[in-house]
Amino acid sequence: MDQPEMLLSPAGVDRLRAALTGAGYTAAGIAARLGPEITAAVARNDFRAALRVTGERDALDTLIRLYVCEQVEPESAVASALAPLDLDEALAAGLVERVDDGVRAGVDLEAYGDRWWVLADVPLGARPGQPLRAEHVLGIGGATNTLIGATVRRPVGTALDLGTGCGVQALHLSTHAARVTATDLSARALRFAATNAALNGQDWELLRGDLTAPVAGRRFDLVVSNPPFVVGPGTTTHVYRDSGRAGDAVGAELAAAAPGLLTEGGTMQYLANWLHVAGEDWADRVAGWFAGTGLDAWVIQREVADPRSYIDLWMSDAGEAVDPERIAAWLDWFDAQRVESIGFGLVSLRRGGHDDPVVRVEELRQQVEAPLGAQVAAWFDRQDWLHERDLDALLAARYRAVDGLRLEQEASLGADGWEVGRQVLATTGGLRWSEEVDPLVLALVGGANGQLPLGEQLELLAMAHGAAPGELAQAAGPIVAHLVERGFVEPVAG
């Protein structure tokens, strides 16, 4: 299948790469030129000091002023900085554009990571008063970084990026996948993705179409997606955020497609919004997406917004002018659907081959140990370990409390001294869970030093408390499974 056209010819891409490399326009090169304090100021969109230290106007200075500080630069300086890429070719490709007093950036050109460059449309704010076009191609934003950090980074043979945009997720997939396929509905987005692939020496299969349609009948070891997940009446104004599906249907659609997309042992991860509907448990609603899929599913809700704040956020995101009628229509739709709030989070699915797949839908609002992708991988590993063990096997295993585990107690002073009323276990690493526990759980965790099998540990507890060992074992099995899943204790090998 033919690949999408690029913004530049193949030779033009080579010349652009040579210009950027020769100028030292890399993340490290820019940071070295500006220094840490000025780099931090630039991250806050304060360009004053950066403009002062880039006054010499060598090639790196000009590229920083042009693409980082969003300045209009003299045509001769831009032509020199982009050489050997001809200025007319850069103008024709839209990399730069002429204005009355010089040349300015026509796209966003970010020096990204240790070795990459990413071309995308100029972000909101760089052109005051100009809202984003309908086919705006996003660069590296908050949602992009969320998915990057949450993706499981284990070596795979084949990886798929659904709704690739400018191709940032595909770039990261290329570091641990032998073959990368990426799709997008937007022809403009695919042009950027094709250019970014070539600019960074990558060879991706790029396919145009809506979500999974271009890869129907094919399976992949890893699938990621930052889809157009904004919820509402199904109106489409911007392809990067609007799927054309009403409500949160795009999240449910991806869940339904997942079994047909994944190889055995394959993983799919995507960002989603979901509705909190009056009279319904939001977790039950989202869990219903995975019924009958046969996949293990872990859904974590990271944020929640009320309808008006949600609308304001997404209209501001696209730089849209305040439109009272559109806002009212959007709010009316939320009211008609009895929507009280909207959740945002991560869906992680895995084709684990289990007869009784695990589905967990829960809040995870606390800060977790980065990267989240490593925590997701570990969560699925723990599910595999638990799936392979019945009660007898759980009792035969030895466990140890994880490093950094803390016990927090609340007590009140009474007639007989301090009375502990609440005890909370908390992990200081990993997912940083904290849970109130009862004396049995506290005793189990306190005795988990890796020395005794759980069954023997329970016999000692039964003797100490005058309980029947068999009954205690039956009660302790699900408790220990939960402690393992949460990461409070871990099985000891051997």
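An account of the accompanying structure is given in this report. (Residues numbered from 1 in each chain as written. Predicted model: local features only at pLDDT ≥ 70, side-chain atom pairs only at ≥ 80, totals over all residues. Heavy atoms only, no water.)

## Quick look at the overall build of the protein chain
A count of helical and extended segments in the protein chain gives 19 helices and 18 strands. Expressed along its principal axes, the backbone C-alpha trace of the protein chain runs to roughly 90 × 50 × 50 Å. Here the protein chain holds 494 residues, and the buried ones make up 50% of them. Taking contacts inside the protein chain between residues at least 6 apart in sequence as the whole, the part at least 24 apart equals 67%. Computing the positive centroid from 40 side-chain charges and the negative centroid from 69, the protein chain places the two 5 Å apart. (Helix = DSSP H or I, 4+ residues; strand = E, 2+ residues; numbered from the N terminus. Buried < 20%, exposed > 50% of the residue type's maximum accessible area, 1.4 Å probe, protein only. Contact = heavy atoms within 4.5 Å. Lys, Arg positive; Asp, Glu negative; His and termini not counted. Charge placed at Lys NZ, Arg CZ, Asp CG, Glu CD.)

## Remarks on the pairing of strand 5 (residues 156–162)
Sheet topology places strand 5 next to strand 6 (residues 177–184); 6 bridges connect them, and they run parallel. The residue bridging Val156 from the neighbouring strand is Ala177, located in strand 6. Of the crossover connections in this fold, the one passing from strand 5 over helix 9 (residues 168–173) to the parallel strand 6 is right-handed. (Pairing = 2+ DSSP bridges. Right-handed = clockwise from strand over helix to strand, strands pointing away.)

## Notes on the packing of helix 18 (residues 454–465) against helix 19 (residues 469–486)
Contact geometry for helix 18 and helix 19: axes closest at 10 Å, N-to-C directions at 125°. The orientation of helix 18 relative to helix 19 falls into the category oblique. Handedness of the crossing formed by helix 18 with helix 19: right-handed. Here Leu454, Leu458, Leu461 and Ala462 of helix 18 come into contact with helix 19, specifically with Pro469, Leu472, Ala473, Ala476 and Val480. A per-class count over the contact of helix 18 with helix 19 returns 9 nonpolar, no polar and no charged. (Axes fitted to C-alpha atoms, helices over the stretch in contact; angles between N-to-C directions. Parallel < 35°, antiparallel > 145°, perpendicular 65-115°, else oblique. Left-handed = near helix turned anticlockwise from the far one by under 90°. Nonpolar A, V, L, I, M, F, W, Y, C, P; charged D, E, K, R; others polar.)

## Quick word on the packing of aromatic side chains
Taken as a whole and judged by the stated rule, the model has 12 aromatic pairs. Taking the centre distance of 6.2 Å and the plane angle of 65° together, the rings of Trp289 and Phe290 count as edge-to-face. Each member of the pair, Trp289 as well as Phe290, carries the same accessibility label: buried. With 5.2 Å between their ring centres and 80° between their planes, Trp379 and Phe380 make a pair best called edge-to-face. Accessibility classification places Trp379 together with Phe380 in one group, the buried group. Three or more aromatic residues link up through ring pairs in this structure, and these residues are Phe229, Tyr310, Trp314, Trp333, Phe334 and Phe344. If you follow Arg486 out to its NZ or CZ, it ends over the ring of Trp433, 3.7 Å from the centre. (Phe/Tyr/Trp six-rings, centres within 6.5 Å; stacked < 30°, edge-to-face > 60°. Lys NZ or Arg CZ within 6 Å of the ring centre and 35° of its normal.)

## Describing the sheet that holds strand 15 (residues 417–426)
The antiparallel open sheet is built from 3 strands, whose spatial order is 14-15-16. A single partner strand is all that each edge strand has here, and the edge strands are strand 14 (406–414) and strand 16 (434–436). Averaged over all pairs of adjacent strands, the angle between their axes in this sheet comes to 30°, without regard to strand direction. Bridge count for strand 14 against strand 15 is 9 bridges, and the pairing is antiparallel.

## Quick look at the sheet that holds strand 18 (residues 489–491)
Whenever strands of a sheet pair, they do so through backbone hydrogen bonds, lying parallel or antiparallel. With respect to topology, 3 strands assemble into an open sheet ordered 17-13-18, the strand pairing being antiparallel. Among the strands making up the open sheet, the edge pair consists of strand 17 (449–453) and strand 18. Taken pair by pair, the neighbouring strands of this sheet meet at an average axis angle of 30°, ignoring direction. Of the strand pairs in this sheet, strand 13 (residues 398–401) and strand 17 are connected by 2 bridges, and their pairing is antiparallel. Each residue of the ladder has a partner; that of Arg398, found in strand 17, is Pro453. Along the sheet, helix 18 makes contact with strand 13 and strand 17, crossing strand 17 at roughly 80°.

Interpretation in functional terms is not warranted from these geometric data alone.
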